[in-house]
Amino acid sequence: MDVTTATAGLWRFPFNAMASPCEVLLEGDRTTAAAIAAEAIAEVRRIEEKYSRYRQQSVTSTINRTAGSPMSVDSETAALLDYAATCYQLSEGKFDITTGPLRYLWKFTDAATLPDSAEVTALLPHIGWQRIRWQNPHLTLQPKMEIDLGGIGKEYAVDRAIALIKNMTTAAALVNLGGDLAVTGPRQHGQRWQIALENPDHHQNRLTAEAHLNVTISHGALATSGDTYRHIKSHGERYGHILNPQTGWPIRNAPRSITVAAATALEAGMLSTMASLQGAAAKAFLQAQGVPYWLVR
Amino acid sequence: MQLETTTSHFRSLREALTLATCSLLASGQSSANEWQLDSALLYYSENDRVSVVEPLLMGRRDLNNGDQLNLSLVVDSMTGASPNGATTTNQLQTFTSPSGKSLHQVNPGELPANSFRDQSLSVAGGYTHGVAPLLKNSIGGNFSAESDYSALGFTDTLLIDLENRLTTFTLAAGATFAFVDAAGATPVPLSRVNSASVGSAATPDTVSEESSTYNLFNGEGKESFDLLFGITQVLSPRTLVQLNYSYTRQQGYLNDPYKIISEIDPKSGDTLGYFYESRPDNRNSHALFGQWIHHLQEDVVRLSYRYYRDAWGVNAHTAEIKYRYELGNDAYLQPQLRLYQQSAADFYRHSLPSDLSVNEVSADLRLAKIKSRTIGLKFGMPLGESLNGKFSVRLEQMLQTGDASPASAIGSERNYNLHPDLEATIIQFGYSLRY
């Protein structure tokens, strides 16, 4: 394991998971910190292996292969599906884990072009949580439907890793999975954690904008939803990577980046995602939630 | 970039979202690094015969990686009298206790029984490991000891899920190595019982004592090998069926060292003396078990049937129905009914006429033709802080009947009930807790 001392008495264990640079920061003596970090990293990898749609053996791949016939899922997957169902309801159908098939048409790379609108429309009958039969633990997807827990998996892994660390130690820790992060509590002597958020403006204009925005937290989590690197430009309009499951097209006028602070990474992540899904109304949505947020248009 | 915390016309989802998040994270934790403890106290009492008090403690821990650890401890304390196999007769019968320390008299017309007091201890442990996403392997070991019996067993079970997780195959193999070391000495089958007599008065009976010290891995050996193949199939979100086939081979000293058989006069039926029983030194058995579980709107119905047959000629059928009636707030009432019947072993005889020569014979009533019915009622409810504990109480009553006047009864035997009914009451208190 790669380890560096971030500051005095704080150990940093960087690793790669879920296609992102990740890290665990821990206070305390190095040997103990390394052992605890190893457990936390193993938990993140366990969740990645179990739910990654890029792995043939994952639960997600198995569920998608079994689309069309009934199946029953284990209790952890059932809890995640229950959570996804609640988020679908709370977002009035905007947060939907079944938009996966649209990814075959929408490729948000530098050279990408807009997909054919007839093709998008043809996919819509295979999208929509309301078409899924879910009665815990029995799940039936209609043929050609897919689920993707990517929208909650990373935040879930952050919260699980934090819970695991809290079980093992009282030393302060931070778990950061590609920018979605949570802490176990304040650092020793009540210090707050210094977090540097990436500024999307800097990516666009390196001369005028600051590279980072500094945020400090002592409790809870931060999660970001944004399309800094993932969008298509066509005829002067930006098409962000957050898709509307009802139309199959990207949400219009979504902010480029929304960071939310909440008690857990799951809540922070879901509030920032739901805000993005509101498009132009993202700011009003966030204000109604009464949570601290950082929004870049 | 701006930091804002004012309000507007959107409805706040925070409370609902917090609740959903807590429930997701709690469900994850409840299945990892927590102990599920089950405890029970069972009291079993036969009319005028055996009574057993059995505390039981089981612990299960779900580990972070999905593996599972199981441990259990059972302590039995048994007292009472168990029929020793001798037939009911019109004479006074005197038996010496198995340890040879005390005498015990049985009046004419009474079924002879051995008084005993014993304790047993058994511990078991198992570990279930997820080998692959759809394959689990479970290894287990168990040990049990009584003053005259000790055993060590091992099992290995493979659980294979089909990809849709609606079908599970179970493959299991096990072996048990046991030792029988009867109080006094383990008798030679068909040898004459010297410590019993007919027709002579002796000192009145006292309760015989068996050694309370454990005598481990001594005496006559017996081994048992088991194989099991099972399928569990989810038929619909409400219905599940299970089918198991199992094969068991037992070999070695399969006698009950305390069971004897009366030698009788082939004309008068009067008892002449006693022999120790003699069973074959191996037993192959097959069992087929089927279960159907159906969830109604709230209630649950369970039907099961078991067919058993072995090389000794015992054929048995067990049918059971349980209906779980939900009372609300997680409390339930479950009436249950079990019917059982078995045919006698080929070598079973209630007594042995002196002109008959046999190699294998037993008068153990458990190998006789038997019918029984058990009715029961179980009540369960959540108990304790934050309702993570569960309390239950089960009450069962069993009535077992046999052939009281078999056609093979001779002379004076015809005057007596050769297979008295057995009534038993079972009460079990259970409490389980997660922490």
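The structure presented is a predicted model; accordingly, all values stated were derived computationally and were not measured. (Residues numbered from 1 in each chain as written. Chains lettered and ligands numbered in written order. Predicted model: local features only at pLDDT ≥ 70, side-chain atom pairs only at ≥ 80, totals over all residues. Heavy atoms only, no water.)

A few words on the overall build of chain A. Along chain A, the regular secondary structure elements total eight helices and 15 strands. Scored against the burial criterion, the 297 residues of chain A give a buried share of 58%. A separation of at least 24 residues holds for 60% of the contacts in chain A among residues at least 6 apart in sequence. If you sum the accessible surface of chain A, you get close to 12800 Å²; carbon and sulfur atoms cover 50% of it. (Helix = DSSP H or I, 4+ residues; strand = E, 2+ residues; numbered from the N terminus. Buried < 20%, exposed > 50% of the residue type's maximum accessible area, 1.4 Å probe, protein only. Contact = heavy atoms within 4.5 Å. Areas by Shrake-Rupley, 256 points an atom, 1.4 Å probe, with all protein chains shown as cover.)

Taken together, the contact pairs 35 residues of chain B with 49 residues of chain A. Here chain B and chain A share an interface that buries about 3800 Å² over both sides, 62% of which is from carbon and sulfur atoms. The tally of links from chain B across to chain A stands at zero salt bridges. The interface formed by chain B and chain A holds five residue pairs in polar contact (both at pLDDT 80 or more) in total. For the side of chain B that touches chain A, the secondary-structure elements that each account for two or more residues are β1 (2–4), α1 (14–30) and β12 (220–236) of chain B. Examining the composition of the side of chain B that touches chain A, we find that eleven residues originate from one element, α1(B), more than from any other. Classifying every residue of the side of chain B that touches chain A by side-chain character gives 14 nonpolar, 15 polar and six charged. (Buried area = accessible area lost by both parts, 1.4 Å probe. Salt bridge = Lys/Arg side-chain N within 4 Å of Asp/Glu carboxyl O. Polar contact = N/O pair within 3.5 Å; in protein donor to acceptor, adjacent residues only side chain to side chain. Nonpolar A, V, L, I, M, F, W, Y, C, P; charged D, E, K, R; others polar.)

Below, the discussion takes up the packing of helix α1 (residues 30–51) of chain A against helix α5 (residues 150–168) of chain A. Residue and element names in this part refer to chain A. Put simply, α1 and α5 touch, their axes get as near as 9 Å, and they point 150° apart. As summarised for this structure, α1 and α5 are arranged roughly antiparallel, according to the angle between their axes. For the crossing formed where α1 meets α5, the hand is right-handed. Across from Ile 36, Glu 39, Ala 40, Glu 43, Val 44, Arg 46 and Ile 47 in α1, the residues of α5 making contact are Gly 153, Tyr 156, Ala 157, Arg 160, Ala 161, Leu 164, Ile 165 and Met 168. (Axes fitted to C-alpha atoms, helices over the stretch in contact; angles between N-to-C directions. Parallel < 35°, antiparallel > 145°, perpendicular 65-115°, else oblique. Left-handed = near helix turned anticlockwise from the far one by under 90°.)

All right, on to the side chain of B:Asp256 then. All names here are of chain B. Tracing the backbone shows Asp 256 in the loop between β13 (239–252) and β14 (260–264). Here Asp 256 falls in the buried class, since its relative accessible area comes to 16%. A polar contact of 2.8 Å, which involves the side chain of Asp 256, links it to the side chain of Arg 366. Other than its neighbours up to four places away in sequence, Asp 256 contacts Glu 277, Arg 279, Asp 364 and Arg 366.

The next subject is α1(A). Residue and element names in this part refer to chain A. Between its first and last C-alpha, α1 extends 31 Å over 22 residues, near the 32 Å set by a 1.5 Å rise per residue. Turning to α1, its buried residues number three or more, namely Ala 33, Ile 36, Ala 37, Ala 40, Ile 41, Glu 43, Val 44, Ile 47, Glu 48, Lys 50 and Tyr 51. If you follow the buried residues of α1, they end up packed against β2 (10–17), β3 (20–27), α2 (59–65), α3 (75–90), α5 and β7 (173–177). (Expected span 1.5 Å × (residues − 1).)

Side-chain direction in a regular strand flips from residue to residue, so the side chains alternate between the two faces of the sheet. Residue and element names in this part refer to chain B. Among the five residues in β14, five count as buried, and that is most of the element. Both faces of β14 are covered, namely the face carrying Ile 260, Ser 262 and Ile 264 and the face carrying Ile 261 and Glu 263. For β14 and strand β15 (residues 271–276), the ladder comprises five bridges, and the chain directions are antiparallel. Bridge pairing in β15 links Ile 264 to Thr 271. Connecting β14 to the next strand, β15, in antiparallel fashion are six residues, including Gly 269 with a positive phi near 80°. Across two bridges, the pairing between β14 and strand β20 (residues 352–353) is parallel. (Pairing = 2+ DSSP bridges.)

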